[in-house]
Amino acid sequence: MMAIRLLRNAHISIRKRCFQTRSEYEQWDHCMKASRIRTTHDKQSSQCLKQVNPRTAAPFLYSVSPISERLLLFAQSHDNEIEDDGSKSPNSSLLECVYPLSGTRHHADSKSDADDIINTTDLDILRASVSDFGAYSRFRLAKFYSDVDALTADVAYRHASSSSNSEDIAFVTAGHYYSRKIHSTELSKDIILRCYPTLTGRSSIEIRTDALQEDDSGTEKLINVCFTSMVAVDKQTLRPVKDAIPKLSTHNDSNHSNEDERREQERLQMRTEMAEKHTQIRKKRFATSMLLRNGPSSSPPTQEEMAAIHLLHQGSIVDSNTNDIPLPHVRQYTYRSSEIVYPEKRNVHGKLFGGFVMENGHTLAQYAADFYLNHANQQKPSKFDGDLDVAKDSKSTRQLRAIPLGLDEAIFLQPISIGDHVTFTARVVHSTPRTCRVVVIVEVRNPSNRSSAPLRSNRLLFLFGGTDFPNGIVPNGYDEITMHVDAKRRAAVEGPLDEEVDGILSQIQAFK
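For clarity, every value in this text was computed on a predicted model and none was experimentally measured. The numbers attached to residues start from 1 for each chain and follow its sequence in the written order. Only residues with pLDDT of at least 70 are given local features in this predicted model, and only at 80 or more are side-chain atom pairs given and counted; all residues enter the totals for whole chains, interfaces and linings. Heavy atoms from the whole structure form the basis of all side-chain values; hydrogens and water molecules are not counted.

1. What to know about the packing of aromatic side chains
Phase 1 of the analysis: A pair of Phe, Tyr and Trp rings is counted when the ring centres sit within 6.5 Å of each other, with Trp represented by its six-membered ring. The angle between the planes then sorts it: under 30 degrees is stacked, over 60 is edge-to-face, the rest tilted. In this structure the tally under the stated criterion is 18 aromatic pairs.
Phase 2 of the analysis: On the basis of an interplanar angle of 80° and a centroid distance of 5.1 Å, the ring pair of Tyr 333 and Tyr 372 is categorised as edge-to-face. Of this pair, Tyr 333 sits in the loop between helix 9 (303-315) and strand 10 (334-340) while Tyr 372 sits in helix 10 (residues 354-373), and the two are 39 residues apart along the sequence. Tyr 372 matches Tyr 333 in its accessibility class, with the two residues each being buried.
Phase 3 of the analysis: For the ring pair Tyr 335 and Phe 371, a centre distance of 5.9 Å and an interplane angle of 40° mean the geometry is tilted. Secondary structure elements are taken from DSSP: a helix is a run of H or I of four residues or more, a strand is a run of E of two residues or more, and numbering for both begins at the N terminus. Relative accessibility under 20% of the residue-type maximum defines a buried residue, over 50% an exposed one, and the middle range a partly exposed one, all with a 1.4 Å probe and only protein chains included.

Dropping the structure here:
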C-alpha cells in the first residue's frame with residue numbers, strides 16, 4: 001500500500017532540498033571559489049589584520065577548543081567600524097584563525113616582525129589534535145566542523161556588537177550547509193580559517209568560513225568551505241528578535257588600486273547573490289515541509305524513483321550458485337553511538353556545544369563509510385604501507401578508508417541541555433561506485449521512560465568518496481526510502497562526478 005500511495009504522487013514536480021539543476025550548481029561552485037575575501041598582514045595597508053586575544057575576541061572558540069591558546073587569531077585593526085547608514089562591512093566583522101602547523105608563529109604587531117619557533121612538544125600536541133589518517137585530508141574534517149561552529153558564533157556576536165540591544169540577544173545555529181573539500185591538506189603548513197558574514201536579514205545572518213593553505217609558491221589556495229546560518233534570539237524567550245543585526249554594507253571598503261577595488265566589488269556581489277540563493281532554498285524547504293523534524297523535506301518519490309528502488313531490491317537477491325555479491329541494505333550499515341552530555345561540553349550559554357554534535361556526527365559517519373567501502377572485500381590485507389587511505393599487499397592495491405569530501409547540510413532543530421542522554425544514528429543511504437552519502441540523526445532520549453519517543457535535535461548529511469563502494473544500497477521502509485531519494489537527487493545535481501573523485505584518488509596515489 002505504501003508503494004501505491006507513493007506512485008500516486010508521480011505527477012508532482014520534484015522538490016529538492018538543494019540546487020535544482022546541475023548547471024545551477026556548477027555556476028554556484030564557480031562563484032564560491034572565485035568570491036572569497038582576501039586579507040593582508042601588510043602593516044602599510046589600512047586593511048591590515050592585527051593579532052587579537054582569543055579569550056576576548058573569540059570567547060566561543062576559546063571556551064570549547066582545548067588548543068585555543070596554541071592558535072593565532074587576527075582581526076581588522078579598525079574592528080567594528082560602522083558606516084554612516086549603520087551598516088558594517090564583512091571585513092570589520094571578520095576573524096582569521098591560524099593553526100601554526102609549520103612550527104612558527106608570526107605575530108603581526110607593530111613592535112616586532114620576528115617569528116617564534118614552537119617547541120617540539122607543543123607542535124606535536126597541535127598536530128595530533130587536528131590530524132587525520134588519510135593522505136587527502138590530513139587536517140581532520142570533523143575538527144574543522146567543530147571549530148567552524150564556534151568561530152561562526154564569535155563572528156555573529158562580533159557583527160552584532162554595535163546593535164543597541166546586543167546585550168539582550170543570543171545567537172543560535174540554524175544549520176551548516178554546502179561544505180566541500182576542494183584540495184588536499186598538509187600538516188607541515190599553516191592552516192587558516194577565515195570567517196566572515198555574507199548576508200544579513202531581519203533576525204538572521206549567513207557566515208562563510210574558508211579553510212586556506214599556501215602552496216609552494218606562497219599563494220593561498222582554498223581547501224575547504226562551509227556556510228552557516230545563525231538566528232538572533234531573545235536570551236529569555238529564545239524567540240527570534242527582529243532588526244537586531246546591523247545590515248551588511250554592499251560596497252567594498254578597500255583602498256587598493258582601482259582594478260583591485262573593481263575585483264573586490266565583483267567578489268562582494270557574487271557573495272551576496274550566493275547567500276540570497278541559499279536563503280531562497282532554505283525558505284522553500286521550510287515553507288513546503290510539514291515533516292522537517294521527522295524526515296527529509298523533499299517531494300515524495302516519483303514512479304521512476306520507486307522503480308529504481310525496486311531494481312535495487314532485485315540486486316540484493318542473487319543466485320547462491322554464482323559469485324555475485326548482493327547489494328547491501330541500509331540496515332546493514334546503520335551504526336549508533338550514545339553519549340551523556342557532561343558540563344565540559346557546554347558552550348557559553350550553558351547548552352551543548354554544537355561543534356560536539358558536528359564532530360561526533362562526522363566521526364560516526366566516517367565509521368559507517370569505512371565499513372561500507374569494504375563491503376565487497378572478503379579478506380583483510382596482509383600489509384599496510386603506513387597510510388589508511390590505501391592498503392597494499394602482494395596481489396592488490398585497494399582503498400581501506402573512505403575519503404571525507406564534505407557536508408551537504410547539518411540542521412539544528414533545538415538545543416541540547418547539559419545532562420541529556422543523546423544518541424547518534426548513522427545510516428549509509430545512497431552510493432555510487434565512487435561516492436556514498438551518510439545521514440546522521442541526533443536524538444535526545446529520556447532514561448526514565450525508555451518507551452517514550454526520542455526528540456530529534458539534529459539531522460546531518462555527509463559525503464564520502466572511494467573506489468570500491470557497492471553500486472547501490474537498498475532502503476527499507478518509508479524513512480529509509482525518503483532519505484535515499486533525497487541523497488540520490490543531491491548526487492545527481494551536486495555530484496561529485498566520478499571523474500572528480502578519480503582526480504582525488506590520483507592525488508592520493510601521487511602522495512605515495
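2. Describing the sheet that holds strand 14 (residues 421-431)
Phase 1 of the analysis: Two strands are counted as paired when DSSP detects at least two bridges linking them. Spatially, 1-2-3-7-8-9-6-13-16-15-14-10 is the arrangement adopted by the twelve strands of the open sheet, whose pairing is antiparallel. Among the strands making up the open sheet, the edge pair consists of strand 1 (49-52) and strand 10. With strand direction ignored, the average angle separating the axes of adjacent strands in the sheet is 25°.
Phase 2 of the analysis: As paired strands, strand 14 and strand 15 (residues 435-445) are joined by ten bridges and run antiparallel to one another. By the bridge assignment, Thr 423 is partnered in strand 15 with Glu 443. Think of each axis as a best-fit line through the C-alpha atoms, taken over the contacting stretch in the case of a helix, with angles from 0 to 180 degrees between the N-to-C directions.

3. Here we look at the nonpolar core
Phase 1 of the analysis: Joining through side-chain atoms within 4.5 Å is the link that ties buried Ala, Val, Leu, Ile, Met, Phe, Trp, Tyr and Cys residues into a set, and such a set is a nonpolar core. Residues Tyr 99, Phe 144, Phe 171, Val 438 and Val 440 are the most contacted members of the largest nonpolar core, which totals 76 residues.
Phase 2 of the analysis: For this core, the leading source of residues is helix 7 (residues 141-160), giving ten residues.
Phase 3 of the analysis: Note on contacts: a residue pair is in contact if any heavy atoms of the two residues lie within 4.5 Å. Excluding anything up to four places from it in sequence, Tyr 99 contacts Ile 67, Leu 71, Val 130, Phe 139, Asp 147, Asp 190, Ile 191 and Leu 193.
Phase 4 of the analysis: Listed in part, the 26 residues of the second largest apolar core include Tyr 25, Trp 28, Ile 192 and Leu 413.

4. Comments concerning empty space enclosed by the protein
Phase 1 of the analysis: Only protein atoms enter the 1 Å grid used here. Points where a 1.4 Å probe fits but cannot escape make up a cavity, open sets with protein on both sides within 12 Å along at least five of seven lines make up a pocket, and a residue lines them when an atom lies within 4 Å of a point. Grid points are joined across faces, edges and corners, and a volume is the space filled by probe spheres set on the points. The tally for this structure, following the rule as stated, stands at two cavities of 30 Å³ or more.
Phase 2 of the analysis: For the largest cavity, the full set of lining residues is Phe 139, Leu 141, Phe 144, Lys 181, Thr 185, Ile 191, Ala 211, Ile 223 and Asn 224.
Phase 3 of the analysis: Here the nonpolar group is Ala, Val, Leu, Ile, Met, Phe, Trp, Tyr, Cys and Pro; Asp, Glu, Lys and Arg are the charged ones; every other residue, Gly included, is treated as polar. Here the residues of the lining of the largest cavity sort into six nonpolar, two polar and one charged.

5. Points about the confidence of the model for the chain
Phase 1 of the analysis: Each residue carries a pLDDT value, the predictor's own confidence for that position, ranging from 0 to 100. Scored by pLDDT, the chain has a mean of 84; 82% of the residues are at 70 or more.
Phase 2 of the analysis: When the elements of the chain are averaged for pLDDT, helix 1 (residues 2-7) gives the smallest value, 38, and strand 14 the largest, 97.
Phase 3 of the analysis: Confidence over residues 1-12 falls short of pLDDT 50; this stretch has twelve contacts with residues more than four positions distant or in other chains.

6. Observations concerning the packing of helix 7 against helix 10
Phase 1 of the analysis: Where helix 7 contacts helix 10, the axes come no closer than 7 Å and their chain directions differ by 165°. Put simply, helix 7 runs roughly antiparallel to helix 10. Like other packed secondary-structure pairs, helix 7 and helix 10 cross with a definite hand, here right-handed. For the pair formed by helix 7 and helix 10, the contact residues are Leu 141, Ala 142, Tyr 145, Ser 146 and Asp 149 on the first element and Gly 354, Gly 355, Met 358, Glu 359, His 362 and Thr 363 on the second.
Phase 2 of the analysis: The residue makeup of the contact of helix 7 with helix 10, split by class, is four nonpolar, five polar and two charged. In what follows, roughly perpendicular refers to angles from 65 to 115 degrees, roughly parallel to angles under 35, roughly antiparallel to angles over 145, and oblique to any angle outside these ranges. What makes a crossing left-handed is the near helix being turned counterclockwise from the far one by less than a right angle; a clockwise turn instead makes it right-handed.

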